[in-house]
Amino acid sequence: IARRQRQMCIRDREKYMTLKRFISSYESFLKFILFIMMVALAVTVLLGVSFRFAGSALVWYDEVAAVQLAWITYYGSAYASLKGAHISVPSIFKAFPLVLRKIFFVLSKFVIYAFLILLAYYGYKVLTLIGGETLVTLEWVPQIFVQSVIPVASCLFILSETLRIPEDYKNLVLQTTNIEQTGDI
């Protein structure tokens, strides 16, 4: 029996390490995407300012920079969710007894998932409605591409929230760590 328990413990540890590797890879992926987007936004802004200073402003600059900023916001939200960096008040959550913490934990995750699923669904619905539209200043860029950030980032956000469940459960419900959440005020 002891050998069997050791084998189960080893398998559980391997699964945990696989999850940790996946989370690490996913975090690196989000960081890379955000880095590329921020560099692209910086280049766009520098080009826009330079051309405006030279007296021939770029027609597309404002629209493209606004889209890039929106994309950074959506993807950055998925990254912030993975890191547990959204605004929260875990001190109040931790003040409740264990039974209520468990109930509130499940309820809060349900509300978050419901919102994100609705956001992904209606983001997709928007894509079906704007089929032939393009950006005003760059007519070769379809609005479907621009607005695709909503359902795609919503799915990434759902994945981030799902990957955080074990850590959030340990920190908020079981209170097994002394580390305060980032969002605590």
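Keep in mind it's a predicted model, so treat the numbers as computed, not measured.

### Overview of the pattern of salt bridges
Summed over all chains, the structure comprises six salt bridges. For K109, the salt bridge goes to D168, with nearest N and O atoms at 3.0 Å. With a gap of 59 residues between them, K109 in helix α4 (residues 98-129) and D168 in helix α6 (residues 149-174) connect regions that are remote in the sequence. We classify K109 as buried; its relative accessible area is 9%. For D168, a relative accessible area of 7% corresponds to the buried category. The structure contains a network of salt bridges with shared partners spanning K109, E161, R164, E167 and D168.

### Observations concerning the environment of K20
Mapping K20 onto the fold places it in helix α1 (residues 2-54). Owing to a relative accessible area of 37%, K20 belongs among the partly exposed residues under this scheme. Residues K20 and I103, spaced 83 residues apart in sequence, show a C-alpha to C-alpha distance of 26 Å.

Criteria and cut-off values
Residues numbered from 1 in each chain as written. Predicted model: local features only at pLDDT ≥ 70, side-chain atom pairs only at ≥ 80, totals over all residues. Heavy atoms only, no water. Salt bridge = Lys/Arg side-chain N within 4 Å of Asp/Glu carboxyl O. Helix = DSSP H or I, 4+ residues; strand = E, 2+ residues; numbered from the N terminus. Buried < 20%, exposed > 50% of the residue type's maximum accessible area, 1.4 Å probe, protein only.

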